[in-house]
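For reference, the chains in residue letters:
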Amino acid sequence: MSDDDRQEDCIFCRIVAGEVPSEKVYEDETVYAFKDANPKAAVHVLIVPRHHYASVAELAKADPDTLAHIVQVAQQIADQDFHGAYRLIFNTGEDAGQSVFHVHAHVLTGQVLPE
């Protein structure tokens, strides 16, 4: 990640840069995935694009290919850790529960999830 692609005060930019420890699940040139520190399912992984976008709406407008790639990585994680079933969540905006304003997908899998 270049300095132009990150914000110094963003915890996820710092995780992607390796400045803050995380439990890596997957990484490639586009995304970094790591275990959520406060899991809500047997497997709870966050998938973060390496480039900083504040929300999924911003990502969809600026780089739809990365958004599609996030979904593909979510499927890979679910295939590996469960039989392919998963829940994918993007919180967008403070009132929707977004607490880190670097877009991230929550992948919940590894168990039968309640409705």
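Further up the page is the structure itself.
Residues numbered from 1 in each chain as written. Predicted model: local features only at pLDDT ≥ 70, side-chain atom pairs only at ≥ 80, totals over all residues. Heavy atoms only, no water.

Quick word on the pattern of salt bridges
Applying the stated criterion to the full structure yields 4 salt bridges. Its salt-bridge partner being E27, residue R50 comes within 2.7 Å of it at the nearest N-O pair. Here E27 lies in strand 1 (residues 24-27) and R50 lies in the loop between strand 3 (43-49) and helix 2 (56-62), a separation of 23 residues in the sequence. We classify R50 as buried; its relative accessible area is 15%. (Salt bridge = Lys/Arg side-chain N within 4 Å of Asp/Glu carboxyl O. Helix = DSSP H or I, 4+ residues; strand = E, 2+ residues; numbered from the N terminus. Buried < 20%, exposed > 50% of the residue type's maximum accessible area, 1.4 Å probe, protein only.)

Quick notes on the nonpolar core
Core analysis: the biggest nonpolar cluster contains 16 residues, and V45, I47, L59, I70, I77 and V107 have the highest contact counts within it. Contributing elements (two or more residues each) for this core: strand 2 (31-35), strand 3, helix 2, helix 3 (64-81) and strand 5 (105-109). Here the element with the most residues in this core is helix 3; it accounts for 5 residues. Residue contacts for L59: discarding those within four places in its chain leaves Y53, P64, T66, L67, I70 and V103. (Core = buried A, V, L, I, M, F, W, Y, C linked by side-chain atoms within 4.5 Å. Contact = heavy atoms within 4.5 Å.)

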